[in-house]
Amino acid sequence: MEDQSRYLESNIDREELIKLVPFMSGLPEESIHKIAAHFVTISHPANQVLLLENDWGGSVYFILEGWVKIRTYNLDGKEVTLNIIGRGEIFGEMAAMDKLPRSTDAITLTKTLIGRIPAEDFVNLINTEPTAGVHLVQLMAKRLRQVNRRLQLREASSVSRVADAILFLVEGQGTEGEQGTEIPNLPHREISSLSGLARETVTRVLTKLEKKGLIQRNADFMHIPDVPALEDTIC
């Protein structure tokens, strides 16, 4: 696979690491300095595969800017989006911890800045710093709750499932703007895969939500003027 990434710098200082990587907050200064010494930042274009299922993992990754899709395929060969994660999130940690091949693909959805550290450094951090272990457990619990919520909505209406997919992205990476909470205006196929609905259905539901004033879209962003109002559409 051709590597189109671009190395920005070989390391990062302690203060910037804590700011960009919430996982590092609360860790002893000595541990953060050790991680910072091996922390490499890399810029990737949109639609670049970062990890492939069944590859062996040598690094753990942190998203500093942008969005990454975590995907797999079902028995029929259809792509299944397990997660869409953004700034401050971590991926690749499972293969580091259990020393097994990677269980999913990871692909950028937008131009993305990634930080990475060697897998052995991450495992050592978890084994020696209780706070890091707590952070990892909290991350796993959060992702399990998200999966449970999506499973509970499998038989819900198409409006509920699309609204939930949008709120899922808002929960992970929503930012406040002049027009309310905003997220990148991802292609309909990504919301389709995340919600488990046909792309045509997603397009119809998004148009319906927009006509009701529950979302606003432009080329780059989707705006949610009133998040509780969008939550009320889930039933």
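Not measured: the values here are computed from a predicted model.

Engineer: How would you explain the packing of helix H7 (residues 188-195) against helix H8 (residues 199-211) if you had to name every residue and give the values?
Structural biologist: Running from N to C, H7 and H8 cross one another at 105 degrees; their axes reach a closest spacing of 8 Å. The angle between H7 and H8 falls in the class roughly perpendicular. Contacts between H7 and H8 pair His188, Arg189, Ile191, Ser192 and Ser195 from the former with Arg199, Val202, Thr203 and Leu206 from the latter. Across the contact of H7 with H8, the residue classes tally to three nonpolar, four polar and two charged.

Engineer: Tell me about the UniProt feature "domain: HTH crp-type" (unreviewed entry) in the protein, residues and numbers included.
Structural biologist: UniProt feature "domain: HTH crp-type" (unreviewed entry): in the numbering of this structure it lies at residues 156-228. Along residues 156-228 one finds 53% helix and 19% strand; the C-alpha atoms at either end are 18 Å apart.

Engineer: An account of the UniProt feature "domain: Cyclic nucleotide-binding" (unreviewed entry) in the protein is needed here, citing residue identities and associated values.
Structural biologist: In the numbering used here, UniProt assigns the "domain: Cyclic nucleotide-binding" (unreviewed entry) feature to residues 23-126. Helix makes up 22% of residues 23-126 and strand makes up 39%, while its end C-alpha atoms are separated by 11 Å.

Engineer: How would you explain the sheet that holds strand S3 (residues 49-51) if you had to name every residue and give the values?
Structural biologist: Taken together, four strands build an open sheet; the order of strands is S3-S8-S5-S6 and the sheet is antiparallel. Across the chains shown, the open sheet's two edge strands, defined by having one partner strand only, are S3 and strand S6 (79-85). Pairs of neighbouring strands in the sheet enclose a mean axial angle of 30 degrees, with direction left out of account.

Engineer: Residues and numbers for helix H2 (residues 29-37), please.
Structural biologist: Residues Ser31, Ile32, Ile35 and Ala36 constitute the buried set of H2. The arc enclosing the buried residues of H2, seen along the axis, measures out at 135 degrees, which places them on a common side. Turned more than 90 degrees from where H2 packs its buried face, Glu30 and Lys34 sit exposed.

Engineer: Could you give me a rundown of the pairing of strand S2 (residues 40-44), with the residues and numbers involved?
Structural biologist: Side-chain direction in a regular strand flips from residue to residue, so the side chains alternate between the two faces of the sheet. The element S2 is extensively covered by neighbouring structure, given that five of its five residues are classed as buried. Burial of the side chains of S2 extends over both faces: Val40, Ile42 and His44 are buried on one face and Thr41 and Ser43 on the other. Pairing of S2 with strand S9 (residues 112-118), which is carried by five bridges, proceeds in the antiparallel orientation. Pairing of Ser43 across the sheet is with Leu113, part of S9.

Engineer: Outline the packing of aromatic side chains, supporting the account with residue identities and numerical values.
Structural biologist: Under the criterion given, the structure shown has four aromatic pairs. Consider the rings of Tyr61 and Phe91, whose centres lie 5.2 Å apart with planes at 10 degrees: the pair is stacked. Taken together, the positions of Tyr61 in strand S4 (residues 59-65) and Phe91 in strand S7 (residues 90-91) put the pair 30 residues apart, joining distant regions of the chain. For Phe91, a relative accessible area of 3% gives the class buried.

Engineer: Give me the pattern of salt bridges: which residues, what numbers.
Structural biologist: This model, assessed by the stated rule, comprises 12 salt bridges. The shortest N-O distance in the salt bridge between Lys34 and Glu30 comes to 3.7 Å. Taken together, the residues span about one helical turn, with Lys34 and Glu30 both in helix H2 at a distance of four residues. As far as burial versus exposure is concerned, Lys34 and Glu30 are alike and both exposed. Between Asp105 and Arg71 there is a salt bridge, with the nearest N and O atoms lying 3.2 Å from each other. You can see Asp105 sitting in strand S8 (residues 105-108) and its partner Arg71 sitting in strand S5 (residues 68-73), a full 34 residues away along the chain. Taken together, the salt bridges that share partners define one network made up of Lys69, Arg71, Glu79, Asp105, Arg189 and Glu190.

Cut-offs and rules
Residues numbered from 1 in each chain as written. Predicted model: local features only at pLDDT ≥ 70, side-chain atom pairs only at ≥ 80, totals over all residues. Heavy atoms only, no water. Axes fitted to C-alpha atoms, helices over the stretch in contact; angles between N-to-C directions. Helix = DSSP H or I, 4+ residues; strand = E, 2+ residues; numbered from the N terminus. Parallel < 35°, antiparallel > 145°, perpendicular 65-115°, else oblique. Contact = heavy atoms within 4.5 Å. Nonpolar A, V, L, I, M, F, W, Y, C, P; charged D, E, K, R; others polar. UniProt positions renumbered as here; feature names shortened; annotations may be inferred. Pairing = 2+ DSSP bridges. Buried < 20%, exposed > 50% of the residue type's maximum accessible area, 1.4 Å probe, protein only. Arc of directions from axis to C-beta. Phe/Tyr/Trp six-rings, centres within 6.5 Å; stacked < 30°, edge-to-face > 60°. Salt bridge = Lys/Arg side-chain N within 4 Å of Asp/Glu carboxyl O.

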